[in-house]
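So the chains spell out like this:
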Amino acid sequence: MQQMFYVFINANLFNSKGLNAEFSPASERHSALRKKMKAEARQPKHQRPFNFHTRKVEYLQQQVIDLKKEHQSITHTLSDSEQTLARLKIENRKIHKQNIDWQQKIVELQSEYKQLRVKHDNIRNVMEQGQVFIREQASVRDQLDVEVNKLTQAAKVKQKEVIKLGEEIGKREAVLARLKELTNQAILPIQCMIKKFMMRFGSKGSSAENFYFNRVIDVFDDSLSPEYRDISIGITKALNDDKLESALIKKNKKLMKNSLDYTYK
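Criteria and cut-off values
Residues numbered from 1 in each chain as written. Predicted model: local features only at pLDDT ≥ 70, side-chain atom pairs only at ≥ 80, totals over all residues. Heavy atoms only, no water. Helix = DSSP H or I, 4+ residues; strand = E, 2+ residues; numbered from the N terminus. Buried < 20%, exposed > 50% of the residue type's maximum accessible area, 1.4 Å probe, protein only. Contact = heavy atoms within 4.5 Å. Areas by Shrake-Rupley, 256 points an atom, 1.4 Å probe, with all protein chains shown as cover. pLDDT = per-residue confidence, 0-100. Salt bridge = Lys/Arg side-chain N within 4 Å of Asp/Glu carboxyl O. Phe/Tyr/Trp six-rings, centres within 6.5 Å; stacked < 30°, edge-to-face > 60°. Core = buried A, V, L, I, M, F, W, Y, C linked by side-chain atoms within 4.5 Å. Expected span 1.5 Å × (residues − 1). Polar contact = N/O pair within 3.5 Å; in protein donor to acceptor, adjacent residues only side chain to side chain.

This paragraph deals with the overall build of the protein. Scanning the protein from N- to C-terminus turns up eight helices and zero strands. Each helix and strand of the protein, ordered N terminal to C terminal, gives the series α-α-α-α-α-α-α-α. By the burial criterion, 17% of the 265 residues in the protein qualify as buried. Long-range contacts, defined as pairs at least 24 residues apart, comprise 52% of the intrachain contacts of the protein with a sequence gap of at least 6. A total accessible area of about 21,000 Å² is found for the protein, and carbon and sulfur atoms account for 58% of it.

Encoded structure:
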């Protein structure tokens with residue numbers, strides 16, 4: 001009877017829709033699960049473990065478990081994010097403080113640059129004065145050359161005194177050569193002194209500062225005229241190098257004393 005029912009319903013309903021109903025085999029009908037389902041069929045629906053309501057409750061309970069796990073994961077992630085945010089806030093404060101420090105350093109460097117610029121201008125003025133002095137010395141030498149030329153022309157005119165004038169010219173040329181030599185010797189020490197000043201200024205604040213300090217003291221000796229020594233002391237004053245200025249003044253007094261002692265002897 002049941003087999004005929006399945007044949008009829010398949011032919012008139014299921015097969016036209018691509019479905020096919022079959023009678024469960026005996027092994028399935030007599031399985032433990034089927035027996036349990038038949039036994040529970042006599043119970044109310046809310047007590048059956050295989051009804052829709054029970055299955056829905058189990059599904060919802062599983063969803064609650066899954067949501068709890070997801071909530072724990074989100075809570076853990078949120079905690080990590082809060083810790084990361086706290087660290088970022090600390091790092092941001094550090095960066096902000098560093099930025100303030102760098103701005104302060106920039107202001108200090110700008111101030112130091114202005115001071116160095118003033119010192120540079122002072123040194124340039126002193127060097128220009130030294131160059132003017134050197135040109136004046138060169139002018140004196142040129143004037144001596146002009147005088148020698150005049151004497152030479154006068155010697156040609158005075159034929160009778162040619163021998164005597166030749167001797168005089170020879171003497172004057174010797175004097176001129178000596179004056180040139182003395183002029184060069186006089187200029188050389190002050191040029192050397194200015195060079196040492198530039199090295200001293202360039203090494204300011206470095207490990208070589210004391211070395212060039214001693215070099216300046218060494219070249220500041222009696223080979224410099226009193227006028228050149230005064231100019232050298234004036235350069236240290238323009239450079240605001242109080243230590244070097246004090247040392248040169250002290251040595252200058254000693255040189256002057258030695259010079260006086262030698263004169264009296």
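Another aspect to go through is the confidence of the model for the protein. On average, residues of the protein score 80 in pLDDT, and 78% of them reach the 70 mark or higher. Within the protein, helix 2 (residues 26–29) has the poorest average pLDDT of any element, 54, and helix 7 (residues 226–238) the best, 87.

Turning next to the pattern of salt bridges. Two side chains bearing opposite charge may form a pair once their charged atoms approach each other closely. Overall, the coordinates contain two salt bridges when judged by the stated rule. As a salt-bridge pair, Lys-97 and Asp-101 come within 3.4 Å of each other at their nearest N and O atoms. One end of the pair, Lys-97, and the other, Asp-101, are both in helix 4 (residues 52–157), four residues apart, so they sit about a helical turn from each other. Of the residues examined, Lys-97 reaches a relative accessible area of 53% and is grouped as exposed. Taking the relative accessible area as the measure of exposure, Asp-101 reaches 35% and is therefore partly exposed. Across the pair Asp-121 and Arg-124 runs a salt bridge whose closest N-O atoms are separated by 3.6 Å. Taken together, the positions of Asp-121 and Arg-124, both in helix 4 and three residues apart, correspond to about one turn of that helix. According to the relative accessible area criterion, Asp-121 is partly exposed, its value standing at 24%.

Attention now moves to the packing of aromatic side chains. Taken as a whole and judged by the stated rule, the model has two aromatic pairs. Relative to Tyr-228, the ring of Phe-133 lies with its centre 5.2 Å away and its plane at 85 degrees, an arrangement referred to as edge-to-face. Here the residue Phe-133 occupies a position in helix 4, and Tyr-228 occupies one in helix 7, the gap between them amounting to 95 residues. Taking the relative accessible area as the measure of exposure, Tyr-228 reaches 5% and is therefore buried. A ring pair is formed by Phe-211 and Tyr-212, whose centres lie 5.1 Å apart and whose planes are at 75 degrees; its orientation type is edge-to-face. In this structure Phe-211 comes out as partly exposed when scored by relative accessible area, which is 45%.

Membership of the largest hydrophobic core comes to 20 residues, with the highest contact counts inside it found for Met-193, Phe-197, Val-216, Phe-220, Ile-235, Leu-244 and Leu-248. Secondary-structure elements contributing two or more residues to this core are helix 4, helix 5 (162–202), helix 6 (209–219), helix 7 and helix 8 (242–264). Among residues more than four places away in sequence, those in contact with Leu-244 are Phe-197, Arg-200, Phe-213, Val-216, Ile-217 and Thr-236.

Between its terminal C-alpha atoms helix 7 stretches 18 Å, which fits the 18 Å expected from 13 residues at 1.5 Å a residue. When we look at burial in helix 7, the residues that qualify are Tyr-228, Arg-229, Ser-232, Ile-233, Ile-235, Thr-236 and Ala-238. After helix 7 finishes, the residue Asn-240 shows a positive phi value of roughly 60 degrees.

Tracing the backbone through its elements, the reader meets Ser-232 in helix 7. Sequence-distant contacts of Ser-232, defined by excluding residues within four places in its chain, comprise Ile-190, Met-193, Phe-197, Phe-220, Leu-224 and Leu-248.

Looking at the secondary structure, you find Thr-236 in helix 7. Residue classification places Thr-236 among the buried residues on the basis of a relative accessible area of 0%. A polar atom in the side chain of Thr-236 sits 2.6 Å from the backbone oxygen of Ile-233. Discounting chain neighbours no more than four positions away, the residues touching Thr-236 are Phe-197, Asp-241, Leu-244, Glu-245 and Leu-248.

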